[in-house]
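So the chains spell out like this:
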Amino acid sequence: MLIGIIGAPSKGKTTLFSALTLVKAEISSRPFTTINPNYGIAYATTKCVDSELGVSCNPKNSICSNGIRQIPINVIDVAGLVPGAHLGKGMGNQFLNDLIQADALVQVVDISGKTDEYGNPCDNCDPAKEVNMVQGELAAWLAEILQRHMSSIARRNDGSAAIKEILSGFNVSVEQIQKAADANYLSLSNIAWSQEDTLKFADALIRLSKPVLIAANKLDAASTEQLEELRRRLSGYEVVGCSAAIELALRQAAKSGLIDYIPGSSTFSEKGKPTDEQRHALEYMLQYINKHNGTGVQEVINKVVFDVLNTIVVYPVEDENKYTDHNGNVLPDAILMRKGSTALDLAEKIHSELAKKMLYAIDAKKKVRVGKEYVLKNNDVIKIVSAAKG
Ligand SMILES: Nc1nc2c(ncn2[C@@H]2O[C@H](COP(=O)(O)OP(=O)(O)O)[C@@H](O)[C@H]2O)c(=O)[nH]1
Ligand SMILES: [Mg+2]
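Here the structure is a predicted model, which means the values were calculated and not measured.

Notes on the sheet that holds strand S11 (residues 335-338)
Stage number 1. Here we have five strands laid out as an open sheet, ordered S11-S10-S14-S12-S13, and mixed in their pairing. For this open sheet the edge positions go to S11 and strand S13 (368-370), each flanked by a neighbour on one side alone. Pairwise comparison of adjacent strand axes, ignoring direction, gives a mean angle of 45° for this sheet.
Stage number 2. Here strand S12 (residues 358-363) runs beside strand S14 (residues 380-386); their pairing, made up of five bridges, is antiparallel. Paired with Tyr 360 across the bridge in S14 is Val 385.
Stage number 3. The strands that helix H12 (residues 343-350) touches are strand S10 (311-316), S11, S12 and S14; relative to S11, the one it contacts most, it runs at about 135°.

In structure tokens:
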């Protein structure tokens, strides 16, 4: 799974990325500090199923600490987008090509309203405006790609297949292409679209294929009223208030041994010997996370993974009684699956051979046989039984 972090300049994209991944990246108040994309790994967190089963796990593809399973998620931080990026303004939009494989996007906005759409300082700027701007630039970028290939698309009877081929790597499905066309009353057979049609189609397709969560960042410099106002304005979006700067400072303090801090929690405990200055900063941050029930950063990643992308966690095992793999590791893997996925989809995700030879599955919690078409539930523990050895 890949999550792209996008937004106008100076909103805190790189700070959020660093907080999520603890990768050293250049953070600055100058617009366009980030030119090459930063790649890193964040962790979606969920209560591990081990306590429910009365066992203690040995995770392999993920981490478990304090009963919380941490599942790795790829994240990418790209350069800022400005109005007119599709016309080459700012960094242009070529760098968006780094995002084509993203499953979902997190748009970082400045909820304090102290930076404008270009990343310049201002008073009372409207963060909702940035959301429309970025959406428009994304649509224009996609429309441009389609437009470039329009003559070859138009030659084909089956426009949806042609578009899917052009957008290979984009993670778009034929159903999404169909929906985007239907929403604009456009025909996909022998496509003859105007530029405006293509733009409308691209706008719909980008919304369907790259769903966006809004991270209302810099909440430490804003009021909760500002956050509520943005939520009202962006009622179609999941909006999560956060302070990437505080999360980054807390994770760094934890890394340097000053505090014990579990990302996402609303408190921490001191353990090192902070200087007076550090103590002062820690007190401020403790107050903040007490008041806001955490920094919101972990919620950003969890909401985009579980809510926006409709994902559940499933634990495949080879021994349905001990919940282990063939090496005896208890609940080794936590696998993210889209809601509605079947036991066969899970087998496919583990190994295509396993799926080919799959006979049935076992719900290890209930110790009952289920068919290939069994629809997986969150926290299911599943053994895939196949005709292959093992
Ligand atoms: N008050 C506050 N400032 C922040 C926060 N996150 C980032 N910043 C500041 O915003 C500026 C731009 O940050 P950066 O991460 O480089 O933004 P980007 O251009 O969107 O990648 C820097 O001065 C950061 O210190 C936050 O949560 N609160
Ligand atoms: Mg940046």
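Picking up after the structure, the text goes on.
Concerning the state of the cysteines
Stage number 1. Inspection of every chain in the model, using the stated rule, returns one disulfide.
Stage number 2. Covalent S-S linkage joins Cys 122 and Cys 125, the inter-sulfur distance amounting to 2.2 Å.
Stage number 3. Here Cys 64 is not disulfide-linked; the sulfur of Cys 57 is the nearest cysteine sulfur, at 3.8 Å.
Stage number 4. A residue is classified by how much of its surface remains accessible, and Cys 64, at 22% relative accessible area, is partly exposed.

Section: helix H11 (residues 297-308)
Stage number 1. Relative to the 16 Å expected for 12 residues at 1.5 Å per residue, H11 spans 15 Å between its end C-alpha atoms, a close match to the ideal helical length.
Stage number 2. Summarising burial for H11: nine of the 12 residues are buried, a large majority.

With respect to the nonpolar core
Stage number 1. Leu 138, Ile 163, Leu 167, Phe 201 and Leu 230 are the most contacted members of the largest nonpolar core, which totals 64 residues.
Stage number 2. Of the residues forming this core, the biggest block, 10 residues, is contributed by helix H3 (residues 127-148).
Stage number 3. Other than its neighbours up to four places away in sequence, Leu 230 contacts Val 109, Ile 111, Pro 127, Ala 128, Ile 214, Ala 216 and Val 239.
Stage number 4. Counting 42 residues, the second largest nonpolar core, distinct from the first, contains Leu 16, Ala 42, Ala 244 and Val 381.

Describing the side chain of Asp 50
Stage number 1. Along the polypeptide, Asp 50 turns up in helix H2 (residues 50-53).
Stage number 2. No salt bridge is formed by the buried Asp 50. Its closest oppositely charged neighbour is Arg 69, at 6.2 Å.
Stage number 3. Apart from residues lying up to four places away in sequence, Asp 50 is in contact with Val 55, Ser 56, Cys 57 and Leu 331.

Some remarks on the site of ligand 1
Stage number 1. Around ligand 1 sit 16 residues in total, of which Ser 10, Lys 13, Thr 14, Thr 15 and Asp 220 are the nearest.
Stage number 2. The backbone of Ser 10 places a nitrogen or oxygen atom 2.8 Å from an oxygen atom of ligand 1.
Stage number 3. Protein chains shield 82% of the accessible area of ligand 1, which is 590 Å² for the free molecule.
Stage number 4. Breaking the shell around ligand 1 down by element, the ones donating at least two residues are helix H1 (13-21) and helix H9 (244-255).
Stage number 5. Of the residues forming the shell around ligand 1, the biggest block, three residues, is contributed by H1.

Reading the values: rules and limits
Each residue is numbered by its place in its chain's sequence as written, counting from 1. Going through the entries in the order they are written, you letter the chains from A and number the ligands from 1. Where totals are concerned, whole chains, interfaces and linings use all residues; where local detail is concerned, this predicted model gives features only for residues with pLDDT of at least 70, and gives and counts side-chain atom pairs only at 80 or more. Just so you know, side-chain values use all the structure's heavy atoms and leave hydrogens and water out. Whether two strands pair depends on DSSP finding at least two bridges between them. Where helices and strands are cited, they refer to DSSP runs of H or I of at least four residues and of E of at least two residues respectively, numbered from the N terminus. An axis is simply a line fitted to the C-alpha atoms; with a helix, the fit covers only the stretch in contact. Between two such axes, the angle follows the N-to-C directions and lies from 0 to 180 degrees. Whether two residues touch is decided by their heavy atoms; if any such pair falls within 4.5 Å, the residues are in contact. Defined by distance alone, a disulfide is two cysteine sulfur atoms within 2.5 Å. The buried label applies to any residue whose accessible area, calculated with a 1.4 Å probe on protein chains only, is under 20% of its type's maximum; exposed applies above 50%, and partly exposed to all values in between. The span you would expect from a helix comes to 1.5 Å times its residue count less one. Nonpolar core, defined: a set of buried Ala, Val, Leu, Ile, Met, Phe, Trp, Tyr and Cys residues in which side-chain atoms within 4.5 Å join the residues together. The charged-residue count follows a simple rule in which Lys and Arg add positive charge and Asp and Glu add negative charge, with His and chain termini not counted at all. For this document, the term salt bridge refers to a Lys or Arg side-chain nitrogen within 4 Å of an Asp or Glu carboxyl oxygen. Proximity is defined per residue: any heavy atom of the residue falling within 4 Å of a molecule or strand makes that residue near it. In protein, a polar contact means a hydrogen-donor-capable atom and an acceptor-capable atom, both N or O and within 3.5 Å, with residues adjacent in sequence counting only if both atoms are side-chain atoms; elsewhere, any N or O pair within 3.5 Å suffices. In these tables, accessible area is a Shrake-Rupley quantity obtained with a 1.4 Å probe, and a residue counts as shielded only by the protein chains included in the view.

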